[in-house]
Every structure is written in structure tokens, then in C-alpha cells.
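# Per-entry structural report
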Amino acid sequence: MTFISVRNLSKDYKVYKSEGNTFLNLFKKRDYKIIHAVKNLSFDVKKGDIIGYIGPNGAGKSTTIKLLAGILYPDSGTCIVGEKSPWVDRKKYVRDIGVMFGQRSQLTWDLPVKDSYDLLRDIYNLTEEDYIRTLANLVKKLNLEELLHVPVRQLSLGQKVRCELVATFLHEPKLVFLDEPTIGIDIEIKREFHKFVKEINQELGTTIFITTHDLDDIKSLCNRLLIINKGEIFFNGTLEKLFTEFYIEEKIFVELLTGTTYRLPENVKIIEEEGNRLVVSVSEKGMTGKIVKEIVQNNAVVNIYPEQNKIEDIILNIYAQMKK
Ligand SMILES: Nc1ncnc2c1ncn2[C@@H]1O[C@H](COP(=O)(O)OP(=O)(O)OP(=O)(O)O)[C@@H](O)[C@H]1O
């Protein structure tokens, strides 16, 4: 079932060129340039999807999130989430969404964590019963009972991220935007974050839209990937589709018994050869296992290991293509 439907969404920024004296600039007609941050964007998201939204710096990810969250107005295009438009039904829409920006906080710096949650309870107009239930559930999941009465300024980054998650999910939103949520946190907290997001997604069917430069987030969480470049969708599909469409030749590292000659299958290419060690490449997706077997059968192999495609390499390759 389609939950988010985005059609031909565009957003430009007008950036004025700065010219020397800022006071005199007030009286002059200044030159400006238009930045097409988001161009004619169209995509659908199903209910309960965890969408990874990635792209190089400046591709338009944050602008898209701000548009979809109703924080920015588009220049043209439409977006329907459930049955609401983020801009037209702004007040009701806010109740349906949660937004967590890795660089910004929903918690009040000088107050104990729990005070910020109480404030959010009032903002979202939660009943005391719902508030107590969801808060207890989230606090248990993230194991942060002992942090509730600590002032936010005393929290470590990892503790703060866990507390931000509670703030984001407290009103049980149907859709959550996570913008660079794991920036700067260690691997242990990151794992805890992934586990939490997966659990909530499964328990409540929350749709999650996540922008990140951390591919661990994508691998651990996302069932779909949108890649954006210069404000336009470059790829839209599953990770499986990404691996098929952007397959990079896989390598097989082979060590042969010293002094033996080799016999290789026809469909491999030798890319390195040094003494009894070879590196060969496989150009056809899905053939690596079969080729390893053939090499072992026909040669005096001491050691052999294939190097399968990694998402990091595929994404790097895509970003390099984008620059051309
Ligand atoms: N408020 C703004 N005023 C002018 N230009 C902006 C503004 N916000 C973003 N831009 C420009 O719009 C383009 C898209 O920016 P955006 O922040 O959406 O990209 P991003 O993909 O989130 O980048 P990053 O990964 O670096 O955070 C960039 O060229 C950026 O410089």
C-alpha cells in the first residue's frame, strides 16, 4: 500500500552573491544565483518501509526531508503522506510524523531529560495513559531509566542519541525521518540504534525515512534505497537490484602450489600475477562460486578466496560516475 507519494517535487534556493560592504549592499540591486536543490522528484514509499536516502554532499537529501516534513514549502509538485499534504494539513500532519536531525536536538539543554518528554506530551496532546505506556516501553527498549533525571548537558553523545530517539517516537508517529542519526556515535550504540529502529518498525509498522552517509545504517536497516544526485533520483529499488545493476567485477585470490602451472576457466581475466599467486576477475554476476570450484578442481590450489561486492565499493563507484 502506497503511504508516501511524491510527484514532481522541486525546490530552488536563491543565493545572493556577497559584494564587499554589507551595509551598502542593502541599497544595491544584488546579483544572485539559483540553486536547484531538488528537481522534479517523484517516488512512492510503502507503509512500513525503511527507506535509505543517500547521495553525495549537497545532493538534496536534507532539502527533501525538510519538504516531506512540512518544514519547507516546495516551488512545485505534490506530496501526499497517508491522506495528508505536509503543507496543506500542517497542524494535523505534525502529529503523524517524528523528525530526528543528527545535528539538532529536541531536548532542552539545561533540563533533566524527562522534563523535555513532559513538554512533548503537552505539545502532542497525549493522554497521561498513552504517555506513561509509550515512555515506559521506549525507556525499557533503550535501557535509559537512569538517564531520565540527568540534565541533557551532562549526557554523552551516545546517551543523547538514545534520549533523542525516545523524543522522536514518543507520540507513536506513523512516519519518522531520521537525518544523519548515527553521526559520531560508536559501534555499540549504533548497533543498539539499529535494533531499536527494527523493533519499532516491526511492532508498530512505522515507516522510516533515513538519510545517512553511514552505509552500516543502510545494510542493517533498509529494505529500499533511493539515491539522489544533483536534486534528481538516480536509483530507486532494493539492495538486491542495486547489486545487480551496479555489479563490479569480483576478484578471486588464488595461491597455487609452488612450481605448478595453472589452467583457468575461459571467462576469467588475470589482473595480477606474482610467483605462485594470482588475482583473477569475474565479470559475470553470480558466477564467482562456480569459478572458484572449477579453479580448485583443475589446479594445485593451496589457498583461494573470493572477494564479493561490497555496498561501500558499489556506492563509491556510483558517486565516481556521478562526478563525470
Ligand atoms: N538554506 C539554503 N540556502 C541556499 N542554498 C541551500 C540551502 N540549503 C541547502 N542549500 C543548497 O542546496 C543544495 C542541496 O543541499 P542539501 O542540504 O539538501 O543537500 P544534502 O544532500 O543534504 O547534503 P549533505 O549530505 O552535505 O548534508 C546544496 O547545493 C546546498 O548548498
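Along each chain, residue indices are assigned from 1 in the same order as the chain's sequence is written. Local features in this predicted model are restricted to residues of pLDDT 70 or higher, and side-chain atom pairs are both shown and tallied only at a pLDDT of 80 or more, whereas totals for entire chains, interfaces and linings draw on every residue. Each side-chain value is worked out from all heavy atoms of the structure, with water and hydrogens disregarded.

- Going by what an unreviewed UniProt entry lists, the protein chain is known as ABC transporter ATP-binding protein and is assigned to Listeria riparia FSL S10-1204.

## A closer look at the overall build of the protein chain
- Helix and strand assignments come from DSSP, with helices taken as H or I runs of at least 4 residues and strands as E runs of at least 2, each series counted from the N terminus. Helix and strand content of the protein chain: 11 helices and 13 strands.
- Within these notes, the globule rule equals 2.2 Å times the number of residues to the 0.38 power, and the radius of gyration is based on C-alpha atoms. On C-alpha atoms alone, the protein chain measures out to a radius of gyration of 25 Å, which is more than a quarter above the 20 Å that the 2.2 N^0.38 rule sets for 324 residues.
- A burial count over the protein chain gives 46% of its 324 residues as buried.
- Positive and negative side-chain charges of the protein chain, numbering 46 and 45 respectively, have mean locations separated by a distance of 5 Å. Partly exposed describes any residue whose relative accessible area lies between the buried limit of under 20% and the exposed limit of over 50%, with all areas from a 1.4 Å probe on protein chains only and scaled to the type maximum. For the purpose of counting charges, residues Lys and Arg are taken to be positive, whereas Asp and Glu are taken to be negative. His and the chain ends are not included. Charge positions come from single atoms, namely NZ of Lys, CZ of Arg, CG of Asp or CD of Glu.

## Digging into the state of the cysteines
- The term disulfide is used for any two cysteine sulfur atoms that are within 2.5 Å. A complete count under the given rule lists zero disulfides for this structure.
- Its sulfur unpaired, Cys-79 is 19 Å from the next cysteine sulfur, which belongs to Cys-222.

## Considering the site of the ligand
- Near the ligand lie 13 residues; those nearest to it are Gly-58, Lys-61, Ser-62, Thr-63 and His-213.
- Polar contact is the term for a pair of N or O atoms within 3.5 Å; when the atoms are in protein, one must be able to donate a hydrogen and the other to accept it, and sequence-neighboring residues count only if both atoms are side-chain atoms. In the model, an oxygen atom of the ligand is placed 2.9 Å from a nitrogen or oxygen of the Asn-57 side chain.
- A distance of 3.1 Å separates an oxygen atom of the ligand from a polar atom in the backbone of Ala-59.
- Here the ligand loses 61% of its free accessible area of 640 Å² to cover by the protein chains.
- The definitions used throughout rest on a 1 Å grid laid over the protein atoms alone, on which a cavity is an enclosed set of points accommodating a 1.4 Å probe that cannot get out and a pocket is an open set flanked by protein within 12 Å on both sides along at least five of seven lines; lining residues are those having an atom within 4 Å of a point. Each molecule is checked against the cavity or pocket grid, and it sits inside if more than half of its atoms lie within 2 Å of the grid points. Most atoms of the ligand, that is more than half of them, are within 2 Å of grid points of the second largest pocket. We call a residue near a molecule or strand whenever a single non-hydrogen atom of that residue lies within 4 Å of it. Each accessible area value is a Shrake-Rupley result obtained with a 1.4 Å probe; residue values ignore everything except the protein chains displayed when judging cover.

## Digging into a nonpolar patch on the surface
- Only residues whose relative accessible area exceeds 30% and that form no salt bridge enter a patch; like-charged residues are grouped when within 9 Å of one another, and nonpolar side chains (Val, Leu, Ile, Met, Phe, Trp, Tyr) when within 5 Å. Put simply, a salt bridge is a Lys or Arg side-chain nitrogen that is within 4 Å of an Asp or Glu carboxyl oxygen. Taken together, the side chains of Tyr-16, Tyr-32 and Ile-34 make up a nonpolar region of the molecular surface, amounting to roughly 290 Å² of accessible area.
- Following the sequence through the fold, Ile-34 ends up in strand β2 (residues 32-46).
- Residue Ile-34 is classed as partly exposed on the basis of its relative accessible area of 39%.

## Focus: helix α4 (residues 113-123)
- Among the residues making up α4, those that are buried are Val-113, Ser-116, Tyr-117, Asp-118, Leu-120 and Arg-121.
- Any two residues whose heavy atoms approach within 4.5 Å are treated as being in contact. Of the surrounding elements, those touching the buried residues of α4 are α5 (128-142) and α6 (157-169).
- Phi turns positive, to about 60 degrees, at Asn-125, one or two residues after α4.

## Points about the sheet that holds strand β3 (residues 50-54)
- Read from one edge to the other, the open sheet built from six strands follows the order β5-β6-β7-β3-β8-β9, with strand pairing classed as mixed. Of all the strands in the sheet, the pair left with one neighbour each is β5 (97-101) and β9 (232-237). Strand-to-strand twist of the sheet, defined as the mean angle between neighbouring strand axes without regard to direction, takes the value 15 degrees.
- Strands qualify as paired when DSSP identifies two bridges or more between them. One ladder, built from five bridges, connects β5 with strand β6 (residues 175-179); its direction is parallel. A fitted line through C-alpha atoms represents every axis, and for helices the fit uses only the stretch in contact; the resulting angles, taken between N-to-C directions, go from 0 to 180 degrees.

## What about the pattern of salt bridges?
- Taken as a whole and assessed by the stated rule, the structure comprises 22 salt bridges.
- Linking Arg-121 and Glu-128 is a salt bridge whose minimum nitrogen-to-oxygen distance equals 3.4 Å.
- Overall, Arg-121 belongs to the buried group, its relative accessible area being 19%.
- Residue classification places Glu-128 among the partly exposed positions, given a relative accessible area of 43%.
- Taking the shortest distance from any N to any O, the salt bridge between Lys-190 and Asp-216 comes out at 3.3 Å. In this pair, Lys-190 sits in helix α7 (residues 187-204) while Asp-216 sits in helix α8 (residues 215-221), placing the two residues 26 residues apart along the sequence.
- Residue class for Asp-216 comes out partly exposed when judged on its relative accessible area of 25%.

## Describing α6
- With 13 residues, α6 ought to run about 18 Å at 1.5 Å a step, and its terminal C-alpha atoms sit 19 Å apart, in line with that.
- Most of α6 sits out of view: 11 of its 13 residues are buried.
- Regarding α6, the residues found buried are Gly-158, Lys-160, Val-161, Arg-162, Cys-163, Glu-164, Leu-165, Val-166, Ala-167, Thr-168 and Phe-169. Each helix should span, by expectation, one fewer than its residue count multiplied by 1.5 Å.

## Notes on empty space enclosed by the protein
- Grid points are joined across faces, edges and corners, and a volume is the space filled by probe spheres set on the points. Within this structure, the stated rule accounts for one cavity of 30 Å³ or more.
- A volume near 70 Å³ is recorded for the largest cavity.
- If you go around the largest cavity, the residues you meet are Met-100, Phe-101, Gly-102, Arg-104, Leu-157, Lys-160, Val-161, Glu-164, Pro-181 and Ile-183.
- Residue assignment for the lining of the largest cavity shows that the elements contributing at least two residues are β5 and α6.
- The class makeup of the residues in the lining of the largest cavity is six nonpolar, one polar and three charged. Residues are grouped as follows: Ala, Val, Leu, Ile, Met, Phe, Trp, Tyr, Cys and Pro are nonpolar; Asp, Glu, Lys and Arg are charged; all remaining types, including Gly, are polar.

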